[in-house]
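In case you want the letters, here they are:
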Amino acid sequence: MELIVIYFFLSFLVFVLLHNIVHVLQNAIVKTYTPGLYTAIFIVTPYTIYLIYRLESASLV
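Below: a short report on this structure. (Residues numbered from 1 in each chain as written. Predicted model: local features only at pLDDT ≥ 70, side-chain atom pairs only at ≥ 80, totals over all residues. Heavy atoms only, no water.)

Looking now at unusual backbone geometry. The phi dihedral of Lys 31 falls on the positive side, at around 60°, and the residue is not glycine. Looking at the secondary structure, you find Lys 31 in the loop between α1 (2-30) and α2 (37-57). For Lys 31, a relative accessible area of 72% puts it in the exposed group. (Helix = DSSP H or I, 4+ residues; strand = E, 2+ residues; numbered from the N terminus. Buried < 20%, exposed > 50% of the residue type's maximum accessible area, 1.4 Å probe, protein only.)

Our next topic: the packing of aromatic side chains. Applying the stated criterion across every chain, the model contains two aromatic pairs. Both rings, one in Tyr 33 and one in Tyr 38, keep their centres 5.6 Å apart while their planes meet at 20°; by these two values the pair is stacked. Geometrically, the ring pair formed by Tyr 38 and Phe 42 is stacked, given 6.3 Å between the ring centres and 15° between the ring planes. Residue Tyr 38 and its partner Phe 42 are both found in helix α2; the two are separated by four residues, about one turn of the helix. Of the residues examined, Phe 42 reaches a relative accessible area of 59% and is grouped as exposed. Taken together through their ring pairs, the aromatic side chains of Tyr 33, Tyr 38 and Phe 42 make up a single cluster. (Phe/Tyr/Trp six-rings, centres within 6.5 Å; stacked < 30°, edge-to-face > 60°.)

Together, Val 14, Leu 18, Ile 21, Leu 25, Ile 29 and Val 30 make up a nonpolar patch on the protein surface, roughly 580 Å² of accessible area in all. With a relative accessible area of 69%, Ile 29 lands in the exposed category. (Patch = residues over 30% accessible without salt bridge, like charges linked within 9 Å, V, L, I, M, F, W, Y side chains within 5 Å. Areas by Shrake-Rupley, 256 points an atom, 1.4 Å probe, with all protein chains shown as cover. Salt bridge = Lys/Arg side-chain N within 4 Å of Asp/Glu carboxyl O.)

Bringing α1 into the picture now. Compared with the 42 Å implied by 1.5 Å per residue over 29 residues, the 42 Å span of α1 between its first and last C-alpha is a close match. Within α1 the residues assigned to the buried category are Ile 6, Leu 10, Leu 13, Val 16, Asn 20 and His 23. Considering only its buried residues, α1 is in contact with α2. Phi turns positive, to about 60°, at Lys 31, one or two residues after α1. (Expected span 1.5 Å × (residues − 1). Contact = heavy atoms within 4.5 Å.)

The interhelical angle for the contact between α1 and α2, taken along N-to-C directions, is 155°, at an axis separation of 10 Å. What the angle tells us is that α1 and α2 run roughly antiparallel. At the point where α1 passes α2, the crossing takes the left-handed sense. Residues Phe 9, Leu 10, Leu 13, Val 16, Leu 17, Asn 20, His 23, Val 24 and Asn 27 of α1 touch α2, and the partners they reach there are Leu 37, Ala 40, Ile 41, Val 44, Thr 45, Thr 48, Ile 49, Leu 51, Ile 52 and Leu 55. (Axes fitted to C-alpha atoms, helices over the stretch in contact; angles between N-to-C directions. Parallel < 35°, antiparallel > 145°, perpendicular 65-115°, else oblique. Left-handed = near helix turned anticlockwise from the far one by under 90°.)

Structural data, given as C-alpha cells:
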C-alpha cells in the first residue's frame with residue numbers, strides 16, 4: 001500500500017512540473033504577465049524538484 005502512495009505522490013509531482021511549464025509557455029505566447037508565473041518559477045518548481053530529489057535519495061522511487 002505504501003508503494004502505491006509513493007507512486008501516486010510522484011505522479012502528482014510530475015503533473016505539477018508539467019503544469020508549471022504551461023504557465024511559462026503561456027507567458028511566452030501571450031507576451032505578457034500570466035497569473036501564477038512567478039509562483040511557478042520561484043516557489044513551486046524548486047520545491048517540486050527538491051521533493052523528487054528527496055524521494056530518490058531515500059530510495060523510495
